[in-house]
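Secondary and tertiary structure notes
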Amino acid sequence: MGGLQPWHWVIVIAVFVLLFGAKKLPDAARSLGKSMRIFKSEIKEMQADSQPKSDRPDTPTQIASERVPESEPSTDKRSA
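Every value quoted in this text rests on a predicted model; they were computed, and no experiment measured them.

Criteria and cut-off values
Residues numbered from 1 in each chain as written. Predicted model: local features only at pLDDT ≥ 70, side-chain atom pairs only at ≥ 80, totals over all residues. Heavy atoms only, no water. Helix = DSSP H or I, 4+ residues; strand = E, 2+ residues; numbered from the N terminus. Buried < 20%, exposed > 50% of the residue type's maximum accessible area, 1.4 Å probe, protein only. Areas by Shrake-Rupley, 256 points an atom, 1.4 Å probe, with all protein chains shown as cover. Expected span 1.5 Å × (residues − 1). pLDDT = per-residue confidence, 0-100. UniProt positions renumbered as here; feature names shortened; annotations may be inferred.

Turning our attention to the overall build of the chain. Helix and strand counts for the chain stand at 3 helices and 0 strands. When the helices and strands of the chain are listed from N to C terminus, the series reads α-α-α. By the burial criterion, 0% of the 80 residues in the chain qualify as buried. Here the chain has roughly 8200 Å² of accessible surface; of this, 62% comes from carbon and sulfur atoms.

Here it is in structure tokens:
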């Protein structure tokens, strides 16, 4: 009694098709998927912000500042 049975899902899908039409359903599913990805990335970012700084991995600015400077570029000895 508590859960949705397969024939309940058939009715729900039929109502969606009648309300939104078969052409709009793929676009609606695509936009829902994009929204879920954005939501998940925001949740991960919030969790990363709540962690203490020592537990976080190095940020790109820290990694870039620790790089060893490259040697000077060689000069081209060919004449122009």
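More follows now that the structure is in view.
Here helix H1 (residues 6-20) contains 15 residues, and its C-alpha end-to-end distance of 21 Å stays within 8% of the 21 Å for a straight helix at 1.5 Å per residue. Positive backbone phi, at 85 degrees, marks Gly 21, one or two positions downstream of H1.

Moving on to the confidence of the model for the chain. When pLDDT is averaged across the chain, the result is 76; 62% of the residues are at 70 or more. At the low end of the mean pLDDT range in the chain sits helix H3 (residues 60-65), at 54; at the high end sits helix H2 (residues 24-50), at 91.

Further remarks concern the UniProt feature "transmembrane region" (unreviewed entry) in the chain. The UniProt record annotates "transmembrane region" (unreviewed entry) at residues 6-22. Summarising residues 6-22: 88% helix, 0% strand, and an end-to-end C-alpha distance of 21 Å.

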